[in-house]
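Results of the structural survey
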Amino acid sequence: MMRCPNCSSKDIGKIGSHQFYCWSCFIELTVNGEKMSVYQVEEDGTLSSLDDLFFSEPVLDQLHAN
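Described in the following lines is the structure provided in the data block. (Residues numbered from 1 in each chain as written. Predicted model: local features only at pLDDT ≥ 70, side-chain atom pairs only at ≥ 80, totals over all residues. Heavy atoms only, no water.)

A separate point is the environment of Ser37. Examined against the element boundaries, Ser37 turns out to sit in strand β4 (residues 35-41). Taking C-alpha positions, Ser37 is 5.9 Å from Asp51, a pair spaced 14 residues apart along the chain. A polar contact is formed between the side chain of Ser37 and the side chain of Lys35, at a distance of 3.3 Å. (Helix = DSSP H or I, 4+ residues; strand = E, 2+ residues; numbered from the N terminus. Polar contact = N/O pair within 3.5 Å; in protein donor to acceptor, adjacent residues only side chain to side chain.)

Shown next as structure tokens:
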């Protein structure tokens, strides 16, 4: 099971083949191999990257697989 890198919630839903959504803090996560990107969903449905707030190193350490 994956945990949200923002709120540590396990309430993550799969919305695409490599896309996930946190129902606790309402961010979208995209995972491609060892790279994860985090996005805020704006009111108009567009995505704003939050990667600069979360990642300065490889991101697999942020995924807490259980």
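Let us now look at the packing of aromatic side chains. All chains considered together, the criterion is met by one aromatic pair. Seen from their ring centres, Tyr21 and Trp23 are 4.8 Å apart, and the 75° between their planes marks the pair as edge-to-face. For Tyr21, a relative accessible area of 16% translates into the label buried. (Phe/Tyr/Trp six-rings, centres within 6.5 Å; stacked < 30°, edge-to-face > 60°. Buried < 20%, exposed > 50% of the residue type's maximum accessible area, 1.4 Å probe, protein only.)

For the rest of this paragraph, the subject is the side chain of Ser9. Position of Ser9 relative to the elements: it lies in the segment before β1 (12-14). A distance of 2.9 Å separates the side chain of Ser9 from the backbone nitrogen of Asp11, its partner in a polar contact. Not counting residues within four places of it along the chain, the set of residues in contact with Ser9 comprises Met2, Arg3, Cys4, Cys22 and Ser24. (Contact = heavy atoms within 4.5 Å.)

Turning next to the sheet that holds β1. Strand order in the open sheet formed by five strands is β1-β2-β3-β4-β5, and the pairing between neighbours is antiparallel. Both edges of this open sheet fall to β1 and β5 (47-49), since each of them pairs with a single strand only. Pairwise comparison of adjacent strand axes, ignoring direction, gives a mean angle of 35° for this sheet. When strand β3 (residues 27-32) meets β4, the two strands line up antiparallel, connected through six bridges. The partner of Ile27 across the bridge, within β4, is Gln40. (Pairing = 2+ DSSP bridges. Axes fitted to C-alpha atoms, helices over the stretch in contact; angles between N-to-C directions.)

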